[in-house]
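What follows is the residue order along each chain.
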Amino acid sequence: NVPEDQADKLLLASWDLPKAVLEKYHSLGVVQMFEWQAECLMLGQVLEGRNLVYSAPTSAGKTLVAELLILKRVLETRKKALLILPFVSVAKEKKCYLQ
């Protein structure tokens, strides 16, 4: 669980994302994360590039965690990222979404 003093970490706005990124998520109805998603982002040194392995049911929100990790790392390090997706249809959807 997310510690009570870090409950603000559930809000996407607390993760130092650019305004345009926040607006895009907000337009899709995504304003905050589930506790487990924020917990994943706060584990160890995940935001510094350490590995993270997590498992959740289909449609639980795994992709949001991956997107936020990728976005933060790309924006902070100015390096490229590789996002591997299982299906062409999902890849096309994410391409449009992330542009």
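Residues numbered from 1 in each chain as written. Predicted model: local features only at pLDDT ≥ 70, side-chain atom pairs only at ≥ 80, totals over all residues. Heavy atoms only, no water.

S.K.: Just checking my understanding: could you explain the layout of surface pockets for this structure?
M.R.: Where empty space is left becomes clear once a probe the size of a water molecule has been rolled over the atoms. In this model, the largest pocket occupies a volume close to 240 Å³. Around the largest pocket, the lining residues are Tyr 54, Lys 62, Thr 63, Ala 66, Glu 67, Ile 70, Leu 82, Leu 83, Ile 84, Leu 85, Pro 86 and Val 90. Here the second largest pocket defines a volume of roughly 200 Å³. In terms of lining residues, the second largest pocket is bounded by Val 46, Gly 49, Arg 50, Asn 51, Leu 52, Tyr 54, Ala 66, Leu 69, Ile 70 and Arg 73. For the lining of the second largest pocket, the per-class residue count stands at 6 nonpolar, 2 polar and 2 charged. (1 Å grid on protein atoms, 1.4 Å probe; cavity = no way out; pocket = protein on both sides within 12 Å on 5 of 7 lines; lining within 4 Å. Points joined across faces, edges and corners; volume = space filled by probe spheres on them. Nonpolar A, V, L, I, M, F, W, Y, C, P; charged D, E, K, R; others polar.)

S.K.: Sorry, what's going on with the pattern of salt bridges here?
M.R.: Note on pairing: side chains with opposite charge can pair once their charged atoms come close. Tallied over the full model, the rule gives 3 salt bridges. The residue Lys 94 makes a salt bridge to Glu 67 at a minimum N-O spacing of 2.6 Å. Note that Lys 94 is positioned in helix 4 (residues 88–98) and Glu 67 in helix 3 (residues 62–77), a separation of 27 residues in sequence. Residue Lys 94 shares its accessibility class with Glu 67, and that shared class is buried. The partner of Lys 72 in a salt bridge is Glu 76, and the shortest N-O contact between them spans 3.0 Å. On the criterion of helical spacing, the pair formed by Lys 72 and Glu 76 is a turn pair, its members being 4 residues apart in helix 3. (Salt bridge = Lys/Arg side-chain N within 4 Å of Asp/Glu carboxyl O. Helix = DSSP H or I, 4+ residues; strand = E, 2+ residues; numbered from the N terminus. Buried < 20%, exposed > 50% of the residue type's maximum accessible area, 1.4 Å probe, protein only.)

S.K.: What exactly am I supposed to notice about the packing of aromatic side chains here?
M.R.: To describe a pair of aromatic rings, you give the distance between the ring centres and the angle between the ring planes. Tallying each qualifying case throughout the model produces 1 aromatic pair. Stacked on the ring of Trp 15, the Lys or Arg Lys 9 has its end atom at 4.8 Å from the ring centre. (Phe/Tyr/Trp six-rings, centres within 6.5 Å; stacked < 30°, edge-to-face > 60°. Lys NZ or Arg CZ within 6 Å of the ring centre and 35° of its normal.)

S.K.: Which parts of the structure should I look at to understand unusual backbone geometry?
M.R.: Positive phi values are uncommon outside glycine, yet Ser 59 reaches one of about 65°. Of note, Ser 59 is situated in the loop between helix 2 (35–42) and helix 3. Ser 59 sits in the exposed class, given a relative accessible area of 75%.

S.K.: Help me understand the side chain of Lys 94 in this model?
M.R.: Judged by its relative accessible area of 13%, Lys 94 is buried. Only 2.6 Å separates the side chain of Lys 94 from the side chain of Glu 67, close enough to count as a polar contact. (Polar contact = N/O pair within 3.5 Å; in protein donor to acceptor, adjacent residues only side chain to side chain.)

S.K.: I would appreciate a short explanation of the nonpolar core in the present structure.
M.R.: Soluble globular proteins tend to pack their nonpolar side chains together in the buried interior. In this structure, Leu 12, Leu 17, Tyr 25, Met 33, Leu 41 and Leu 68 are the most contacted members of the largest nonpolar core, which totals 18 residues. When contributions to this core are tallied by element, the ones reaching two or more residues are helix 1 (19–27), helix 2 and helix 3. Among the elements that line this core, the one with the most residues is helix 3, at 5 residues. (Core = buried A, V, L, I, M, F, W, Y, C linked by side-chain atoms within 4.5 Å.)

This is a description of form; function is not addressed.
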